[in-house]
Amino acid sequence: MEGPSCAKILCMDRKEWTLGPDDAEKRLDRVLRRLLANNTQGAIASALRKGLVKVNGKKADAACLTKQGDILSVAAFLLPASAERSEAQESAAKKPKAALPFPVIFENEHLLFIDKPAGISVHDGPDSVAQVFCDRTNDSLSFVSAPLHRLDKGTSGLLAVSKSAEGARWFCKKIKDREIKKYYWGIVLGRLAAKEEWTDELEINGAKKAARTIATPIKSGAYNGKEISLVLFQIFTGRKRQIREQSAMRGHPILGDKAYGGGVIGGRTGDGGPEKSAGFYLRSMRMEFPDNDLGLPPAIDASEPQDFLAFFK
């Protein structure tokens, strides 16, 4: 089918947006990918060539980098119905957002730290942390708040979520460079008598990956006639299931982690009984940060879990 004529392009209805900081310094086609989600990448490239999408009133290439304050103009017929918000929707978007379904530990304009409950997935499924933030509207065309690292579904505690593109870039770089220190509490089976350093090669997606953890005993006790230990873990690598696997390899599986031999604990069950346990006894407790311009303190801590401590009274 032939595209619109020059005359039609000049008089067609257009929608305009002013790009904010979270849409700046990105390829134009990346900004458009979310806004024009009902179009293929090829269709977006075609729209750019035909002048159906303009930046500051001029045709632009897909690879051009956007700037804060740029005026993005898009032919209205390219937009999905969800992109054309009514006045009522615009008014609703300006109202304070509903409270999050998770406790907030720290928040500023760049980053948010929540206390994730055990039994909630971080990235997968309609009830995941990622979906909660994806469903919350913001003023950016291309940026969506999202969790910035992994926690297993059964692990509770401190979880970082992006609130700005700058915050996301900073956090991800510091994690990659191992400049953010991460600490966990876990209850393990058996008695851990002294501080230990664990260095292993774990198989991740068919490849061997180095994993390093320091485990420091805090308290010892007993549960159902078996010795247990409350342990402080510091991880230096962020491998999937790292603490759970390394602990189990040394005969100290996390209590309640039946996948690694930690059994099932009735005290953490859901409505379905012990086999539907909400999680095991592993909790993200603390992150320490290098000097930064984002307004982060030197460290952020989750609250001490009373259900963990109850085993050692």
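Up top is the structure these notes are about.
What comes next is a walk through the structure.

Reading the values: rules and limits
- Residues numbered from 1 in each chain as written.
- Predicted model: local features only at pLDDT ≥ 70, side-chain atom pairs only at ≥ 80, totals over all residues.
- Heavy atoms only, no water.
- Helix = DSSP H or I, 4+ residues; strand = E, 2+ residues; numbered from the N terminus.
- Buried < 20%, exposed > 50% of the residue type's maximum accessible area, 1.4 Å probe, protein only.
- Contact = heavy atoms within 4.5 Å.
- Areas by Shrake-Rupley, 256 points an atom, 1.4 Å probe, with all protein chains shown as cover.
- Arc of directions from axis to C-beta.
- Axes fitted to C-alpha atoms, helices over the stretch in contact; angles between N-to-C directions.
- Parallel < 35°, antiparallel > 145°, perpendicular 65-115°, else oblique.
- Left-handed = near helix turned anticlockwise from the far one by under 90°.
- Nonpolar A, V, L, I, M, F, W, Y, C, P; charged D, E, K, R; others polar.
- Lys, Arg positive; Asp, Glu negative; His and termini not counted.
- Salt bridge = Lys/Arg side-chain N within 4 Å of Asp/Glu carboxyl O.
- Polar contact = N/O pair within 3.5 Å; in protein donor to acceptor, adjacent residues only side chain to side chain.
- Phe/Tyr/Trp six-rings, centres within 6.5 Å; stacked < 30°, edge-to-face > 60°.
- Lys NZ or Arg CZ within 6 Å of the ring centre and 35° of its normal.

Some words on the overall build of the protein chain
- Regarding its fold elements, the protein chain presents 8 helices and 13 strands.
- Of all 313 residues assigned to the protein chain, the portion counted as buried reaches 44%.
- In the protein chain, the proportion of contacts linking residues at least 24 apart, taken out of those at least 6 apart, comes to 64%.
- When the accessible surface of the protein chain is summed, it comes to about 16700 Å², and 50% of that surface belongs to carbon and sulfur atoms.

Quick notes on helix H2 (residues 28–35)
- Taken residue by residue, H2 has Leu28, Asp29, Val31, Leu32 and Leu35 as its buried positions. The buried residues of H2 occupy one face: seen down the axis, they fall within an arc of 155 degrees.
- Elements that come into contact with the buried residues of H2 comprise strand E1 (14–18), helix H3 (41–49), strand E2 (53–55) and strand E4 (71–75).

Focus: the packing of H2 against H3
- The interhelical angle for the contact between H2 and H3, taken along N-to-C directions, is 120 degrees, at an axis separation of 10 Å. By the angle between their axes, H2 is oblique relative to H3. Pair H2 / H3 crosses with right-handed handedness. Contacts from Leu28, Asp29, Leu32 and Arg33 in H2 reach Gln41, Ile44 and Leu48 in H3.
- Grouping the amino acids of the contact of H2 with H3 by side-chain chemistry returns 4 nonpolar, 1 polar and 2 charged.

What to know about the side chain of lysine 116
- Examined against the element boundaries, lysine 116 turns out to sit in strand E6 (residues 111–116).
- At 8.3 Å, aspartate 115 is the nearest oppositely charged side chain to lysine 116, a buried residue that forms no salt bridge.
- Only 2.7 Å separates the side chain of lysine 116 from the backbone oxygen of threonine 155, close enough to count as a polar contact.
- Ignoring sequence-local partners within four residues, the contact set of lysine 116 consists of Val122, Val129, Leu151, Asp152, Lys153, Thr155, Ser156, Gly157 and Leu159.

A closer look at the packing of aromatic side chains
- This model, assessed by the stated rule, comprises 8 aromatic pairs.
- Measuring from ring centre to ring centre gives 5.2 Å for tyrosine 281 and phenylalanine 311, while their planes differ by 85 degrees; the resulting arrangement is edge-to-face. Pair noted here: tyrosine 281 is in the loop between helix H7 (242–249) and strand E12 (282–288) and phenylalanine 311 is in the segment after helix H8 (306–309), with a separation of 30 residues, a long-range link. Phenylalanine 311 matches tyrosine 281 in its accessibility class, with the two residues each being buried.
- Just above the ring of phenylalanine 236 sits the side chain of arginine 212; from NZ or CZ to the centre is 3.9 Å.

Some points on the side chain of lysine 182
- Within the secondary structure, lysine 182 is located in strand E8 (residues 181–189).
- Of the side chains with opposite charge, aspartate 152 lies nearest to the buried lysine 182, which makes no salt bridge, at 11 Å.

Points about unusual backbone geometry
- At arginine 178, a position not held by glycine, the phi torsion is positive, near 60 degrees.
- For arginine 178, the position within the fold is in the loop between helix H6 (165–176) and E8.
- Judged by its relative accessible area of 53%, arginine 178 is exposed.
- In the Ramachandran plot, asparagine 205 falls in the positive-phi region, its phi being about 50 degrees despite a non-glycine side chain.
- Checked against the element boundaries, asparagine 205 lands in the loop between strand E9 (196–204) and strand E10 (207–223).
- A relative accessible area of 79% places asparagine 205 in the exposed class.

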